[in-house]
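Below, each chain spelled out in residue letters.
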Amino acid sequence: MAGYCGKILRVNLTDGQIKQETLDISLAKKFVGGRGLATYFITQEVPADTDALGEGNKLIFSAGPLTGSKVPTGGRYMVVTKSPLSGTIASSNSGGFFGAELKHAGYDMIIFEGKSEKPCYLYINDDVVELKCAGKVWGKMVSETTDALIAEVGEDKARVAAIGPAGEKLSLIASIMNEKYRAAGRSGVGAVMGSKNLKAVVVRGTGKLAAADEEKAKEVIKGVMEKIRQCDVTAKGLPAYGTAVLVNVINETGIYPTKNFMEAYTSRADETSGETLADKYLVKNTACYRCPIACGRLCKVDGVEAEGPEYETIWAYSADCGVYDLPAVIKANNLCNEYGLDTISAGATIACAMELYEKGLIKDEELDGVPLEFGSSEAIVEWTRKMGAGEGLGAKMAMGSYRLAESYGRAELSMSVKKLELPAYDPRGVQGYGLQVATTNRGGCHVRGYLISPEILGLPESIARTSIEGKAGWVKVFQDLTAVIDSLGMCLFTSFAIGADDYTDLFNAVVGEEWTGAELLKAGERIWNMERMFNLAAGIEPCEDKLPKRLVDEPIPAGPSKGQVHRLAELLPQYYKERGWSEEGKPCAEKLAALGI
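Everything numeric in this text was worked out from a predicted model, so none of it was measured.

Chemist: Would you explain the packing of aromatic side chains in this entry?
Modeler: The description of an aromatic ring pair rests on the distance of the ring centres and on the angle between the ring planes. Under the criterion given, the structure shown has 19 aromatic pairs. Consider the rings of Phe31 and Tyr40, whose centres lie 5.0 Å apart with planes at 25°: the pair is stacked. Among the residues examined, Phe31 registers a relative accessible area of 3% and is labelled buried. Their ring planes at 90° and their centres at 5.9 Å tell us that Tyr575 and Trp581 sit as a pair that is edge-to-face. Of the residues examined, Trp581 reaches a relative accessible area of 8% and is grouped as buried. One aromatic cluster is present, built from ring pairs that chain together Tyr256, Tyr311, Tyr425, Tyr433, Tyr450, Phe493 and Phe496. The ring of Trp138 carries the charged tip of Lys199 above its face, separated from the ring centre by 6.0 Å. Cation over ring: Lys419 sits above Tyr402, and NZ or CZ is 4.8 Å from the ring centre.

Here is the structure:
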């Protein structure tokens, strides 16, 4: 049982029943845990055509076998459900301490089903599990909710995962926030939680987790820690400047999307870089559970201290909106955390709205006196507030950029894949990355196979970013490995320093197995194909493996990547072949059988 607690909590919000189920350990190992195991339960228990905001959808909080262990960065957990934003399977990852606390309380997973008649929250204190009234905190911001619930249960060391007003109002870009600042941010998982009238999950755990082989685990962990200390990204760049260390790196490569991807380079990037953030606004670094990297930023603006912003957030509110005002970006980030909004989707939706306004599609009479102009610091702050509060046009924007642009007859101006907004890299100048985001199972997501690592950072080796040679194979391996990392319960940033064999050694030492790296990657491939099959059943056809028209038809106009377009049409057939799928992009029966699906 090492690595796994062996228990699942099943919470029926409709009738209030809470059941404790025994985890099938062989099943858990087949899908590793975390993302993989939760995806298995969703595919078995949720019909793919279910209304994502209806009672038939389920919401799963799932930790991995290394979550809560002594493994470095072993604090991650997943929230898996059907996405109301994209219609795909949603699996959002978060750090902090909540996942470890859930494991220490003795549970691998919580499955929420049905819908509560009134606002509620789940309280877990080891073996004590109960649903409580959340009426007093319904409508409250995330930080106030967190403080109030900790005070109510009388456990200062409890950890809280909660939604803000955006999730309550069913914003399709709503996130779930834990410890106030850590986010299961993407795919609208906060809206699913809100649709169930579930305000929060409060967890206190006092149990201890032991590895199957403590001496072996200690030895493997020591080796992994040494590799993390020797890697410039994990030992220098991220600790010094956080994820925003990428601002200047990506901009100088000419792939820093600017003004809703109309451009890919700006001369003003350094004004909102990680270096500038550290110099002017950083109070101190922060770290998640057992993390030696400590990339978190506690920043202070106008007397307010809060965590963030991350690289993606800075980009979404800065270059993407043409705003080079860090205090305004920090304020917008803080509003996202309080209302419970995905910062990437929120900022990118504002950028999309700015282009719609610039083209005369959004009219002045819709704006309540706050023009959606590129370069407006006031706009990024006030429209974030309006989106969180669901006010006026803000309510429409809170449904994401695709639905916003579509409502004005210009869906192509949404820089999204499968309706999920693209993050802070222009695919036109990074061919492998572009293929990866076009084929991800949850839409426009960079953390399902971070090809920026080899194509830009040169890790684990450098590959030519504008070449398409061999990229399909790289994408498959990175997607499968990322599925494993998410399922183990570790942070993706460790992959800058360690590889599949290291993750396998950690898994074997903690769980007590003798897997090879190839076997672990096969589990990742199993997870990826299972997600693909759910999406196909949900009506997400292979024709949705595409990029916005702008990125395949319009060359980058200026900067180091001038003239580049993405060559997706050439890469997709190679990718499907690499996956062992049909030419139409569907897993064949032989492939599924080989994977045990």
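After that view, the rundown keeps rolling.
Chemist: Can you help me understand the layout of surface pockets in this one?
Modeler: Regions of empty space are outlined by a rolling probe, equal in size to a water molecule, passed over the atoms. For the second largest pocket, the calculated volume is near 360 Å³. Forming the boundary of the second largest pocket are 19 residues, of which Pro460, Phe478, Leu481, Ser495 and Ile498 lie nearest the centre. Looking at the lining of the second largest pocket, the element that brings in the most residues is helix H19 (residues 471-488), giving six residues. Taken together, the residues that form the lining of the second largest pocket break down as 15 nonpolar, four polar and no charged.

Chemist: Is there a simple way to explain the environment of Ile8 in this structure?
Modeler: Following the sequence through the fold, Ile8 ends up in strand E1 (residues 7-12). Given the relative accessible area of 2%, Ile8 is considered buried.

Chemist: Looking at this model, I keep getting lost on the sheet that holds strand E15 (residues 304-307). Mind explaining?
Modeler: Backbone-to-backbone hydrogen bonds join strands into a sheet, with any given pair of strands oriented parallel or antiparallel. Reading across the sheet, the three strands line up as E13-E14-E15 and stay open at both edges, with antiparallel pairing between neighbours. For this open sheet the edge positions go to strand E13 (282-286) and E15, each flanked by a neighbour on one side alone. Averaged over all pairs of adjacent strands, the angle between their axes in this sheet comes to 20°, without regard to strand direction. Two elements, strand E14 (residues 296-301) and E15, share four bridges in a ladder whose sense is antiparallel. By the bridge assignment, Leu298 is partnered in E15 with Glu307.

Chemist: Can you walk me through the pattern of salt bridges in this structure?
Modeler: A side chain of one charge can pair with a side chain of the opposite charge when the charged atoms of the two come close. Taken as a whole and judged by the stated rule, the model has 45 salt bridges. With a shortest N-O distance of 2.8 Å, Lys58 and Glu45 are connected by a salt bridge. One end of the pair, Lys58, is in the loop between helix H2 (34-45) and strand E3 (59-63); the other, Glu45, is in helix H2, with 13 residues separating them in the sequence. In this structure Lys58 comes out as buried when scored by relative accessible area, which is 14%. Of the charged contacts in the structure, one is a salt bridge between Lys386 and Asp368, with a shortest N-O distance of 3.5 Å.

Chemist: I'm lost on the domain arrangement of the chain in this one. Help?
Modeler: Annotation of the chain at the domain level lists domain 1 (7-204), domain 2 (242-417) and domain 3 (427-595). A straight line from the C-alpha centre of domain 1 to that of domain 3 covers 26 Å. At the interface, 35 residues of domain 1 touch 33 residues of domain 3. For the pairing of domain 1 and domain 3, the buried interface totals around 2900 Å² over both sides, and the portion due to carbon and sulfur atoms is 65%. Of all residues in domain 1, the largest losses of buried area upon contact with domain 3 belong to Lys29, Arg35 and Leu66, amounting jointly to 25% of the total for that side. Inspection of the domain 1/domain 3 interface yields three salt bridges.

Chemist: Would you mind showing me how to read empty space enclosed by the protein here?
Modeler: Taken as a whole and assessed by the stated rule, the structure comprises one cavity of 30 Å³ or more. Estimated volume of the largest cavity: approximately 40 Å³. What lines the largest cavity is Lys418, Thr440, Asn441, Arg532, Asn535, Leu536, Ile540, Glu541 and Asp545. When grouped by side-chain class, the residues that make up the lining of the largest cavity number two nonpolar, three polar and four charged.

Chemist: Explain unusual backbone geometry to me, please; I cannot follow it from the model alone.
Modeler: When glycine is set aside, most residues are seen to have a negative phi, and most peptide bonds are trans. For the bond from Gly308 to Pro309, the omega torsion is 10°, close enough to zero to count as cis. By the element assignment, Pro309 lies in the loop between E15 and helix H11 (311-317). In the segment running from Leu459 into Pro460, the intervening peptide bond is cis, with an omega of 0°. For Asp302, which is not glycine, the phi torsion reads 50° and is therefore positive. Its place among the elements puts Asp302 in the loop between E14 and E15.

Chemist: Help me out: how do you make sense of helix H14 (residues 377-389) in this one?
Modeler: The α-helix winds at 3.6 residues per turn, so residues separated by three or four positions along the chain end up facing the same way. Its 13 residues place the ends of H14 19 Å apart at the C-alpha level, agreeing with the 18 Å of an ideal helix rising 1.5 Å per residue. Those residues of H14 not exposed but buried are Ala379, Ile380, Trp383, Thr384, Lys386, Met387, Gly388 and Ala389. Each element contacted by the buried residues of H14 is listed here: helix H5 (165-168), H11, helix H12 (326-339), helix H13 (343-358) and helix H15 (393-397). Once H14 finishes, Gly390 follows within two positions and takes phi at roughly 70°, a positive value.

Chemist: Teacher, can you tell me more about helix H4 (residues 142-153) here?
Modeler: Counted at 1.5 Å a residue, the expected span for H4 with its 12 residues is 16 Å, and the 17 Å between its end C-alpha atoms agrees. By the burial criterion, the buried members of H4 are Val142, Ser143, Thr145, Thr146, Leu149, Ile150 and Val153. Looking down the long axis of H4, one finds its buried residues gathered within 165° of arc, a one-sided arrangement. At the C-terminal side of H4, Gly154 shows a positive phi close to 70°.

Chemist: Whenever I open this one, the side chain of Asn337 confuses me. Can you help?
Modeler: Mapped onto the elements, Asn337 comes out in helix H12. Look past the residues within four positions of Asn337 in its chain and what remains in contact with it is Val142, Met177, Lys180, Tyr181 and Glu307.

About the thresholds
- Residues numbered from 1 in each chain as written.
- Predicted model: local features only at pLDDT ≥ 70, side-chain atom pairs only at ≥ 80, totals over all residues.
- Heavy atoms only, no water.
- Phe/Tyr/Trp six-rings, centres within 6.5 Å; stacked < 30°, edge-to-face > 60°.
- Buried < 20%, exposed > 50% of the residue type's maximum accessible area, 1.4 Å probe, protein only.
- Lys NZ or Arg CZ within 6 Å of the ring centre and 35° of its normal.
- 1 Å grid on protein atoms, 1.4 Å probe; cavity = no way out; pocket = protein on both sides within 12 Å on 5 of 7 lines; lining within 4 Å.
- Points joined across faces, edges and corners; volume = space filled by probe spheres on them.
- Helix = DSSP H or I, 4+ residues; strand = E, 2+ residues; numbered from the N terminus.
- Nonpolar A, V, L, I, M, F, W, Y, C, P; charged D, E, K, R; others polar.
- Pairing = 2+ DSSP bridges.
- Axes fitted to C-alpha atoms, helices over the stretch in contact; angles between N-to-C directions.
- Salt bridge = Lys/Arg side-chain N within 4 Å of Asp/Glu carboxyl O.
- Domains from an automatic or database assignment.
- Contact = heavy atoms within 4.5 Å.
- Buried area = accessible area lost by both parts, 1.4 Å probe.
- Expected span 1.5 Å × (residues − 1).
- Arc of directions from axis to C-beta.

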